[in-house]
Amino acid sequence: MERKLELYEKKILKDKEFPIQLIINRCQNKGKYFGAHWHEQIELHYVVRGQTVIRLEQEEMTADEGALVVANSNVLHEGYCRGREMEVMVAIFDMEDFSREFADKNIIFRPLISGDGEISKIMLRIYEEYMRKEIGYQLVCKGELLKLVTYLARNDAAEMLSEEDVLKRRKKLERLNTVYQYIENHYAEPVTNRELAELVHLSEGRFCHIFKESAGASPLQYINEIRLNKAMKLLKKEGFTVTEAAEAVGFLDYNNFGRMFRRYFGCTPSEARKGLG
């Protein structure tokens, strides 16, 4: 049975008193620390310390300490660690739970905001309250996030979408979700652009354009990235040999596998297997 890949995440924030999901991501190993996904909610990534890279569709955002990355609704996004210790606070929320006025305007915020003292002040207050979890912390976090949304709407609104534009963005992601699911199930096999294009009834040229616009990489680059991350897991957690791992994820040219692996992770497959990467 094929495993279904859900790039679309249906966030259900049931607590009406605290309609926010807060997450602390800590990482120091080079590579992807959260996979590509999308949803209707807004997702904020505030860098508490270190540096992170967030890919928003075709753009990579390098965010240093104190920076805020905004994954607007219906935008495919994923995160990478550069191999240095980092800590990022994530806040996920539905604009409708905070302001009908802002929700109706379909505001698109600037994706990367750096050096804004007011934003850092608000996000660090949320971080401290969330870490301490003293009585009333949820009320404080909610109040601070509402303050942040107002500040962003006044100072960092890039555009406002029509309802038609919102539907177009969602339709494009739903269409590509079929492709991403197919890749996840067949990454170890030879996969051609034509084969993927036929899944969504597009010409090969049009498909490649739309895919790169959404994923920030060509289909082949994206598939190789999937293969490399799967290979790393096999080497470090499953005890595969380098040759076994390469074959299992679809690389038949071992020299090419080694070169790509080192370029992507900064270490050789053998070093990764020994825990040196």
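Predicted model only: the values in this text are computed from it and were never measured.

Reading the values: rules and limits
- Along each chain, the written sequence defines residue order, and numbers are assigned to residues from 1.
- Per-residue local features are limited, in this predicted model, to residues with pLDDT of at least 70; the limit for side-chain atom pairs, both in listing and counting, is 80 or more; totals at the level of whole chains, interfaces and linings are taken over all residues.
- Note: side-chain values were computed over all heavy atoms of the structure, leaving out hydrogens and water.
- Here, any two strands with at least 2 DSSP bridges between them count as paired.
- Strands are runs of DSSP state E lasting at least 2 residues, helices are runs of H or I lasting at least 4, and numbering of each runs from the N terminus.
- Any two residues whose heavy atoms approach within 4.5 Å at even a single point are treated as in contact.
- Convention adopted: a line fitted to C-alpha atoms gives each axis, helices being fitted over their contacting stretch, and angles between N-to-C directions are expressed from 0 to 180 degrees.
- Here a cavity means grid points, on a 1 Å grid over the protein atoms only, where a 1.4 Å probe fits yet cannot get out; a pocket means an open set of points with protein on both sides within 12 Å along at least five of seven lines; lining residues are those with an atom within 4 Å of a point.
- Grid points are joined across faces, edges and corners, and a volume is the space filled by probe spheres set on the points.
- Throughout, the ten residues Ala, Val, Leu, Ile, Met, Phe, Trp, Tyr, Cys and Pro are labelled nonpolar, Asp, Glu, Lys and Arg are labelled charged, and all others, Gly among them, are labelled polar.
- To sort residues, take the accessible area from a 1.4 Å probe on protein chains only and compare it with the maximum for the residue type: under 20% means buried, over 50% means exposed, and anything in between is partly exposed.

Caption draft 1: Broad picture of the sheet that holds strand S8 (residues 86–93). Taken together, the five strands give an open sheet; going across it, the order is S1-S8-S3-S6-S10, and neighbouring strands pair in antiparallel fashion. Two strands close off the open sheet at either side, each with one partner strand: strand S1 (20–27) and strand S10 (112–113). When strand S3 (residues 42–49) meets strand S6 (residues 68–71), the two strands line up antiparallel, connected through four bridges. Residue pairing across strands places Tyr 46 opposite Leu 68, the latter belonging to S6. Taken strand by strand, helix H2 (residues 117–132) contacts S1, S3, S6, S8 and S10, and its axis lies near 90 degrees from that of S1. In the packing of helix H3 (residues 137–155) onto the sheet, the strands contacted are S1, S3, S6, S8 and S10, and the crossing angle to S1 comes to about 85 degrees.

Caption draft 2: Summary view of empty space enclosed by the protein. In total, this model carries one cavity of 30 Å³ or more according to the counting rule given. Volume-wise, the largest cavity comes out at about 40 Å³. Residue lining of the largest cavity: Ala 36, Arg 55, Glu 57, Leu 76, His 77, Glu 78, Tyr 180, Ser 214, Ala 215 and Tyr 222, and that is the complete set. When contributions to the lining of the largest cavity are tallied by element, the ones reaching two or more residues are strand S7 (77–81) and helix H6 (204–215). Residues belonging to the lining of the largest cavity are distributed by class as follows: five nonpolar, two polar and three charged.

Caption draft 3: The arrangement of the pairing of S3 in detail. The element S3 is largely enclosed, with a buried count of seven among its eight residues. Note that S3 and S8 share seven bridges and pair antiparallel. Bridging across to S8, His 45 finds its partner in Val 90.

Caption draft 4: Quick peek at the pairing of S8. Burial runs high along S8: eight of the eight residues are buried. Taking every second residue as pointing to the same face, both faces of S8 are buried, with Met 86, Val 88, Val 90 and Ile 92 on one and Glu 87, Met 89, Ala 91 and Phe 93 on the other. Of the strand pairs in this sheet, S1 and S8 are connected by eight bridges, and their pairing is antiparallel. Paired with Asn 25 across the two strands is Val 88, which belongs to S8.

Caption draft 5: Structural detail: the sheet that holds S7. The four strands lie next to each other as S2-S7-S4-S5, forming an open sheet whose pairing is antiparallel. The open sheet has two edge strands, strand S2 (31–37) and strand S5 (59–64), and neither has a second partner. Ignoring which end each strand starts from, the neighbouring axes of this sheet average 15 degrees apart. Note: strand S4 (residues 51–56) against S7, five bridges, orientation antiparallel. Paired with Leu 56 across the strands is His 77, a residue of S7.

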